Amino acid sequence: MTSIPTLTTPRLILRPPVFADFPAMEELLTSERAKYMGGPYSSFAAWGLFCHDVACWQLFDHGALMVDLRLTGECVGQVGINHGPLFPEKELGWLLFGGHEGQGYAGEAAGALRDWAFGERGLPTLVSYVDPNNVRSIALAERLGAVVDKHAPR
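Residues numbered from 1 in each chain as written. Predicted model: local features only at pLDDT ≥ 70, side-chain atom pairs only at ≥ 80, totals over all residues. Heavy atoms only, no water.

Caption draft 1: Seen up close, the nonpolar core. Counting 26 residues, the largest nonpolar core has Leu-14, Val-79, Ile-81, Leu-92, Trp-94 and Leu-113 as its most contacted members. Those elements that provide at least two residues to this core are strand 2 (12–15), strand 3 (64–69), strand 4 (75–82), strand 5 (91–96), helix 3 (105–119) and helix 4 (135–143). Top element by residues in this core is helix 3. It accounts for 8 residues. Excluding residues that lie within four positions of it along the chain, Leu-113 makes contacts with Leu-7, Leu-14, Gly-63, Leu-65, Val-79, Gly-80, Ile-81 and Leu-92. Counting residues in hydrophobic clusters, the runner-up holds 9 residues, among them Phe-22, Leu-29, Phe-50 and Leu-95. (Core = buried A, V, L, I, M, F, W, Y, C linked by side-chain atoms within 4.5 Å. Buried < 20%, exposed > 50% of the residue type's maximum accessible area, 1.4 Å probe, protein only. Helix = DSSP H or I, 4+ residues; strand = E, 2+ residues; numbered from the N terminus. Contact = heavy atoms within 4.5 Å.)

Below, the structure is given as structure tokens:
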């Protein structure tokens, strides 16, 4: 098993999740903002998704990292490589907590984790499952180098 890394960018620290991160994840996943992620979810399901993100490290040597601002330490979201029975391929995903959109944090974090996955882990590919109505995430995926595959499994 590999240790969970901490990655840094000019503005962000990507760090392992801890239990104290769950309330913010639960708030997002149980809200209407989760509509592009298959939600809103129940609190029970939100806990399961949070645990999945942590368990992926043990099972697959990759998983989720929380996104903290370097200047303040505030946690503004999460970026992760998901896999397992919920995802047919290794998926690069991202989410931001309310009030932190539009500042480039998701792209900065996702780009750093993508580079780590290809470089340190040697992953050959990543996909991003984005709801077709989520135009902001589609645009971000394209900026990260993704192309739309209308025939990809969901």
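Caption draft 2: Local environment of the packing of aromatic side chains. Inspection of every chain in the model, using the stated rule, returns 5 aromatic pairs. Look at Phe-22 and Trp-47: their rings are 5.0 Å apart centre to centre, the planes differ by 85°, and that puts the pair in the edge-to-face class. With Phe-22 in helix 1 (residues 22–29) and Trp-47 in helix 2 (residues 43–60), the pair connects residues that are 25 residues apart, well separated along the chain. Among the residues examined, Trp-47 registers a relative accessible area of 36% and is labelled partly exposed. Ring centres 5.7 Å apart and planes at 65° place the aromatic pair Trp-57 and Trp-116 in the edge-to-face group. Here the residue Trp-57 occupies a position in helix 2, and Trp-116 occupies one in helix 3, the gap between them amounting to 59 residues. Both residues of the pair, Trp-57 and Trp-116, belong to the buried class. Taken together through their ring pairs, the aromatic side chains of Phe-19, Phe-22, Trp-47 and Phe-50 make up a single cluster. (Phe/Tyr/Trp six-rings, centres within 6.5 Å; stacked < 30°, edge-to-face > 60°.)

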